[in-house]
Amino acid sequence: MKTLALAAALVLSIAMTGLTADAGAKKKGKLHHVVAIKFKEGTSKDQIKAVETAFIDLKKKIKEVNTLKWGTNVSPEKHDKGFTHCFLLTFKSEKDRDAYLVHPDHKEFGKLLGPVMADVFVVDFWSQK
């Protein structure tokens, strides 16, 4: 009886490992990196423009960025909590996203954003098909 239970546990373990591997293999979509920014009160239009330009330029400077889209909030729902800007980047892999995060140009951008940023939130997700 113990042998049968052990065999069943082994089969279940192998099956679950296969399911986990399959789930990882299904990451055939794109990895999306969403960045929403709230600027400090008193931030000038020129400072905001400098941040927009610098963020957009990351696409040219960091080869791992697959796409970069951005815009300002136009929602009539009034649930933005003061966040005005949203940037959506895509990456082909977590490795590419991770390279972007530590890239010197990304770090330099952070130095520009930091003094004028009141808050930020970031969400990463794999698109589902």
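Residues numbered from 1 in each chain as written. Predicted model: local features only at pLDDT ≥ 70, side-chain atom pairs only at ≥ 80, totals over all residues. Heavy atoms only, no water.

(A) Examining the pattern of salt bridges more closely. All chains considered together, the criterion is met by five salt bridges. Residues K60 and D57 are paired through a salt bridge, measuring 3.1 Å at the closest nitrogen-oxygen approach. One end of the pair, K60, and the other, D57, are both in helix α2 (residues 45-61), three residues apart, so they sit about a helical turn from each other. Here D57 falls in the partly exposed class, since its relative accessible area comes to 21%. In this structure, K111 engages E108 in a salt bridge whose closest nitrogen and oxygen atoms are separated by 3.7 Å. Within this pair, K111 and its partner E108 are both found in helix α4 (residues 104-113), separated by three residues, close to a single helical turn. Under the relative-accessibility criterion, K111 is labelled exposed at 58%. (Salt bridge = Lys/Arg side-chain N within 4 Å of Asp/Glu carboxyl O. Helix = DSSP H or I, 4+ residues; strand = E, 2+ residues; numbered from the N terminus. Buried < 20%, exposed > 50% of the residue type's maximum accessible area, 1.4 Å probe, protein only.)

(B) Region of the structure containing a nonpolar patch on the surface. On the surface, a cluster of nonpolar side chains totalling about 250 Å² of accessible area is made up of F121, V123 and F125. By the secondary structure assignment, F121 is in strand β4 (residues 117-126). (Patch = residues over 30% accessible without salt bridge, like charges linked within 9 Å, V, L, I, M, F, W, Y side chains within 5 Å. Areas by Shrake-Rupley, 256 points an atom, 1.4 Å probe, with all protein chains shown as cover.)

(C) Structural detail: the packing of aromatic side chains. Inspection of the entire model under this criterion finds five aromatic pairs. A ring pair is formed by F55 and F87, whose centres lie 3.9 Å apart and whose planes are at 5 degrees; its orientation type is stacked. Here F55, found in helix α2, pairs with F87, found in strand β3 (residues 85-91); they are 32 residues apart in sequence, far enough to count as distant. Residue F55 is classed as buried on the basis of its relative accessible area of 1%. A centroid spacing of 5.2 Å and a plane angle of 45 degrees characterise the contact between F91 and Y100, whose relative ring orientation is tilted. Taken individually, F91 and Y100 each receive the classification buried, so the pair is uniform in this respect. (Phe/Tyr/Trp six-rings, centres within 6.5 Å; stacked < 30°, edge-to-face > 60°.)

(D) Structural detail: the sheet that holds strand β2 (residues 67-72). Across the sheet, four strands lie side by side as β2-β3-β1-β4; this open sheet has antiparallel pairing. Edge positions in the sheet fall to β2 and β4, since each has one partner strand and no second. Across this sheet, the average inter-strand angle for adjacent strands is 15 degrees, counted without regard to direction. Taken together, the nine bridges between strand β1 (residues 31-39) and β4 define a ladder with antiparallel strand orientation. Counted as the bridge partner of F39 is M117 from β4. Here α2 sits on the sheet in contact with β1, β2 and β3, set at roughly 160 degrees to β2. (Pairing = 2+ DSSP bridges. Axes fitted to C-alpha atoms, helices over the stretch in contact; angles between N-to-C directions. Contact = heavy atoms within 4.5 Å.)

(E) Highlighting the side chain of R97. By secondary structure assignment, the location of R97 is in helix α3 (residues 94-102). Among the residues examined, R97 registers a relative accessible area of 14% and is labelled buried. The contacts of R97, once residues within four sequence positions are left out, are L31, F91 and D124.

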